[in-house]
Every structure is written in structure tokens, then in C-alpha cells.
Amino acid sequence: DVRDYDRLSAAIAGHDTVIHAAAMKRIPECEQQPEECWRINVLGSSNVVRACLSNDVVRCVGLSTDKACRATTMYGASKLQMEKLFRAQERLADRCAFTLLRYGNVVSSRGSVVELWQKQEKEFGEITITNPEMTRFFLSPFLAVQLIEIAANLPAGLCLVPRLGSLSMD
């Protein structure tokens, strides 16, 4: 639990690389519970930074979202704040290199919109979408891991924003 600094620090101890993927990421829940979203996505990320620095971690990659760009939701705003927090650590690159990876939906990941749509299709025979004109960015778990490996080798303070194909929802 990234909200619990002591337990997080103990879990990080002895590791040289951390991949920070913990997040409250379902937009409706983030909108309904903004304080909890902030505690997990912002305070939790701050705890990750502190724990990495306290435990001599060499590199930390923070996973962000395409929704951090021009954020209009609590989720997007919280991930934008996480990005700013990681970028602010660039001055400490000699202690720990913090980098970022911003991408879209990983197909079959826990809490993914795909998981929700599969459940809706099974229960109701149709899926709900916010706006039929919207687009979504999807990537495979294999590509997600490859992108994390690339982001782990970036100079401190940089954010990898891969060019992903978008899918129309209409």
C-alpha cells in the first residue's frame, strides 16, 4: 500500500530499481472519491519518491497516463501531479534517476476499461462509453513491458510518450 510509507520503504529496501505502477485508475471512482484518489496517486507517489531516496534506489520509473495531458478529471490531475513530482527530482539524479512513462490502456490489466466492457457485455449484451466520438489508446501487456524497459533507461526527469495507434469507439 503506497499510502503506508513505512511498509513501502521496507518493501523497497534492497532493490536498485522500482517500477511505480500503483494507482487508483478508474475514472468514475476517482471522481466519486477524490480524497482517496489523491491519497493513492499523489501522496502514494510522494511516498515512493521518499522511499526510493531513503533506500538508495538507483532508478524509479513512474507509470502515468494519456489522461495527464490536459487533465480534466481527478484521475488525470492526480497523475499529472505525480509526473510533476517525479520531474522535480531531476536535481537528485546522482542519487536516484526518476523517469516516467505515459501510455493508455493495457489490454487485460486489472481495472482496465476492457475488463469493465467484458463484464458489461456478458451481463447486459452491450457496453457503455462516455462519448461515441472519443478514441482510446490500447497496448498489449508485452508492449507495455517493453516500454517500461525503454523508460528505465532514459535520463532522469524525462517522460516517454510513445506513439500509439488510437481506436475509435463508434
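Everything numeric here is computed off the predicted structure, so don't read it as measured data. (Residues numbered from 1 in each chain as written. Predicted model: local features only at pLDDT ≥ 70, side-chain atom pairs only at ≥ 80, totals over all residues. Heavy atoms only, no water.)

Asks: Help me get a handle on the environment of Thr 128, residues and values and all.
Replies: Counting through the fold element by element, Thr 128 comes out in the loop between helix H5 (113-124) and strand S5 (135-139). Spatially, the C-alpha atom of Thr 128 lies 28 Å from that of Val 161, the residues being 33 residues apart in sequence. The residues touching Thr 128, leaving out its near neighbours within four places in the chain, are Trp 117 and Gln 120. (Helix = DSSP H or I, 4+ residues; strand = E, 2+ residues; numbered from the N terminus. Contact = heavy atoms within 4.5 Å.)

Asks: Please set out the packing of aromatic side chains residue by residue, giving values where relevant.
Replies: Within a pair of aromatic rings, the relevant descriptors are the distance that separates the centres and the angle that separates the planes. For the structure shown, the criterion picks out one aromatic pair. Each ring, one from Phe 86 and one from Phe 98, has its centre 5.2 Å from the other, and the planes form 80 degrees; the classification is edge-to-face. Here Phe 86, found in helix H4 (residues 74-87), pairs with Phe 98, found in strand S3 (residues 97-103); they are twelve residues apart in sequence, far enough to count as distant. Between the NZ or CZ atom of Arg 50 and the centre of the ring of Tyr 5, over which it lies, the distance is 3.9 Å. (Phe/Tyr/Trp six-rings, centres within 6.5 Å; stacked < 30°, edge-to-face > 60°. Lys NZ or Arg CZ within 6 Å of the ring centre and 35° of its normal.)

Asks: Which residues make up the environment of Leu 154, and what are the values?
Replies: Its location among the elements puts Leu 154 in the loop between helix H6 (141-151) and strand S6 (159-160). Among the residues examined, Leu 154 registers a relative accessible area of 17% and is labelled buried. Between the alpha carbons of Leu 154 and Gln 118 there is a distance of 35 Å; along the sequence they are 36 residues apart. Not counting residues up to four positions away in its chain, the partners in contact with Leu 154 are Arg 59, Thr 99, Leu 100, Cys 159 and Leu 160. (Buried < 20%, exposed > 50% of the residue type's maximum accessible area, 1.4 Å probe, protein only.)

Asks: Give me unusual backbone geometry: which residues, what numbers.
Replies: Most peptide bonds are trans, and most residues other than glycine sit at a negative phi. The phi dihedral of Asp 56 falls on the positive side, at around 55 degrees, and the residue is not glycine. Looking at where Asp 56 falls in the secondary structure, it is placed in the loop between helix H3 (34-54) and strand S2 (59-65). What makes Asp 56 exposed here is its relative accessible area of 63%. Residue Arg 70 is not a glycine yet carries a positive backbone phi of 55 degrees. Structurally, Arg 70 can be placed in the loop between S2 and H4.

Asks: Tell me what's going on with the nonpolar core, and back it up with residues and numbers.
Replies: Counting residues in hydrophobic clusters, the biggest one holds 24 residues, and the most contacted among them are Val 48, Cys 52, Cys 60, Phe 86 and Phe 98. Of all elements in the fold, only helix H1 (5-12), H3, H4 and S3 reach the threshold of two or more residues within this core. If one sorts the elements of this core by residue count, H3 sits on top with seven residues. In contact with Phe 98, other than residues within four places in its own chain, are Val 49, Cys 52, Leu 53, Cys 60, Phe 86, Gln 89, Ala 156, Gly 157 and Leu 158. Core analysis: the second largest hydrophobic core is formed by 14 residues, Leu 101, Ala 144, Ile 148 and Leu 164 among them. (Core = buried A, V, L, I, M, F, W, Y, C linked by side-chain atoms within 4.5 Å.)

All we've got here are geometric facts, nothing functional implied.
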